[in-house]
Amino acid sequence: MRAPVAVLLCLLCGLLIADSGGARAADAYSPGLAEASEVTWLGVARVALANAETTTNATDRRLQLATAIYSLTALLQLHGNRWALAPLQAVYADPDCPDLHVSYSADGRLSWSIEPLELQNPIFSEYTILLCTFESATADDLYHDGDTAIEIALTDGQLIAAEPLTPEHPLYEQLQRQTTSFHPPAALPAGAGIGFKQIFAVPELNRKAISAVLLEWGQYKLKMPYYENEVGSD
């Protein structure tokens, strides 16, 4: 699975370069901010995939694949490059791929990622806990002006809402010392990232059962598709 990912991305890189510069004279072309961002994300993806092909360290390989997920998702969501879907799906099919999913706001100012926590204590056997991380890519602070709502959309059409960690929750006694880490941030400082956890009353939810994760945070309403579960690509 490893080689096809890198080869495919190299081919797509050639197509992108040909498409973006073929109709312009080289001495008259000056890329805009959006094009510069696109090329940057593409370069990050290529380097990450190349490193993933050559490293013999399992931890580093997972890190490189995670970087590829961020960059390919940005190419797909921020720049509308549907061709990025195929290499992204190939990354998710890699047996070493981390269970990491990413989404970007349409204005590019906010990104968020989720990863399931590995829960060893039997007390959590009926739950799935996701580590969520908000990241700001703006010079301005982002503020929360309402409730945060996170829902998991399953492939069978069901919606599962995150459960707040209140004194009435069955896990409160075990987690009360960590209560603040289960609260979504009310503000996100410029250029910063903040992580928090969310509880879902479903045991060991497999990512193959998830269609998307939905977020409402202040003015932002984001959908995080699970692209590995999509059929086909454009």
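Data block above holds the structure.
All values reported here derive from a predicted model rather than from experimental measurement.

**A short note on the packing of helix H3 (residues 58-77) against helix H4 (residues 85-93)**
Contact geometry of H3 with H4 gives a least axis separation of 9 Å together with a crossing angle of 155°. Classified by the angle between their axes, H3 and H4 sit roughly antiparallel to one another. In the packing of H3 onto H4, the handedness of the crossing is left-handed. Where H3 approaches H4, its residues Leu65, Ala68, Ile69, Leu72, Thr73 and Leu76 are matched on the opposing element by Leu85, Pro87, Leu88, Val91 and Tyr92.

**Quick notes on the sheet that holds strand E1 (residues 101-104)**
Judged by pairing direction, the sheet is antiparallel, and its four strands sit side by side in the order E1-E2-E3-E8 without closing on themselves. If you trace the sheet from one side to the other, it starts and ends with E1 and strand E8 (193-200), each paired once. If you compare each strand with its neighbour and ignore which way they point, the axes differ by 20° on average. The pairing of E1 with strand E2 (residues 110-116) spans four bridges and is classified as antiparallel. Paired with Val102 across the strands is Ser113, a residue of E2.

**Regarding the nonpolar core**
Core analysis: the largest hydrophobic core is formed by 25 residues, its most contacted members being Trp112, Ile150, Ile152 and Val213. Element by element, the count of residues in this core is highest for strand E9 (residues 210-217), at four residues. Excluding its chain neighbours within four sequence positions, the residues that come into contact with Ile152 are Leu130, Gln158, Leu159, Ile160, Phe200, Leu205, Ile210, Ala212 and Val213. Within the second largest apolar cluster, 23 residues are counted, among which are Leu42, Ala66, Ala74 and Tyr227.

**A closer look at empty space enclosed by the protein**
Summed over all chains, the structure comprises two cavities of 30 Å³ or more. As for the largest cavity, its lining consists of Asp99, His101, Ile114, Glu115, Pro116, Thr128, Leu130, Ile152, Leu205, Arg207, Ile210 and Tyr226. Per-element accounting of the lining of the largest cavity gives the leading share, three residues, to E2. When the residues that make up the lining of the largest cavity are grouped by side-chain class, the tally is seven nonpolar, two polar and three charged.

**Here we look at the pairing of strand E10 (residues 220-225)**
Within a regular strand, side chains alternate between the sheet's two faces. Across six bridges, E9 lies against E10 in antiparallel orientation. Paired with Leu215 across the strands is Leu222, a residue of E10. Between the end of E9 and the start of E10, which pair antiparallel, lie two residues, with Gly218 showing a positive phi angle near 60°.

**Description of the layout of surface pockets**
Estimated volume of the largest pocket: approximately 370 Å³. Along the walls of the largest pocket sit 16 residues, with Asp99, Pro116, Leu117, Glu118 and Leu119 positioned nearest its centre. The set of elements that each furnish at least two residues to the lining of the largest pocket consists of E2 and strand E3 (128-136). Of the residues in the lining of the largest pocket, the class split is eight nonpolar, three polar and five charged. Taken together, 14 residues line the second largest pocket, and the ones lying closest to its centre are Thr148, Ala162, Glu163, Pro164 and Gln198. Of all the elements, strand E5 (residues 149-154) adds the most residues to the lining of the second largest pocket, at three residues.

**Examining the sheet that holds E10**
Ordered by their spatial adjacency, four strands build an open sheet running E6-E5-E9-E10, and the pairing between neighbours is antiparallel. Looking at strand neighbours, the two that pair on one side only are strand E6 (159-161) and E10, the edges of this open sheet. Sheet twist, expressed as the average angle between the axes of neighbouring strands with direction ignored, equals 20°. Here E5 pairs with E6 via three bridges, running antiparallel. Across the sheet, Glu151 pairs through a bridge with Ala161, a residue of E6.

What counts and what doesn't
Residues numbered from 1 in each chain as written. Predicted model: local features only at pLDDT ≥ 70, side-chain atom pairs only at ≥ 80, totals over all residues. Heavy atoms only, no water. Axes fitted to C-alpha atoms, helices over the stretch in contact; angles between N-to-C directions. Helix = DSSP H or I, 4+ residues; strand = E, 2+ residues; numbered from the N terminus. Parallel < 35°, antiparallel > 145°, perpendicular 65-115°, else oblique. Left-handed = near helix turned anticlockwise from the far one by under 90°. Contact = heavy atoms within 4.5 Å. Pairing = 2+ DSSP bridges. Core = buried A, V, L, I, M, F, W, Y, C linked by side-chain atoms within 4.5 Å. Buried < 20%, exposed > 50% of the residue type's maximum accessible area, 1.4 Å probe, protein only. 1 Å grid on protein atoms, 1.4 Å probe; cavity = no way out; pocket = protein on both sides within 12 Å on 5 of 7 lines; lining within 4 Å. Points joined across faces, edges and corners; volume = space filled by probe spheres on them. Nonpolar A, V, L, I, M, F, W, Y, C, P; charged D, E, K, R; others polar.

Purely geometric stuff here, so don't read any function into it on its own.
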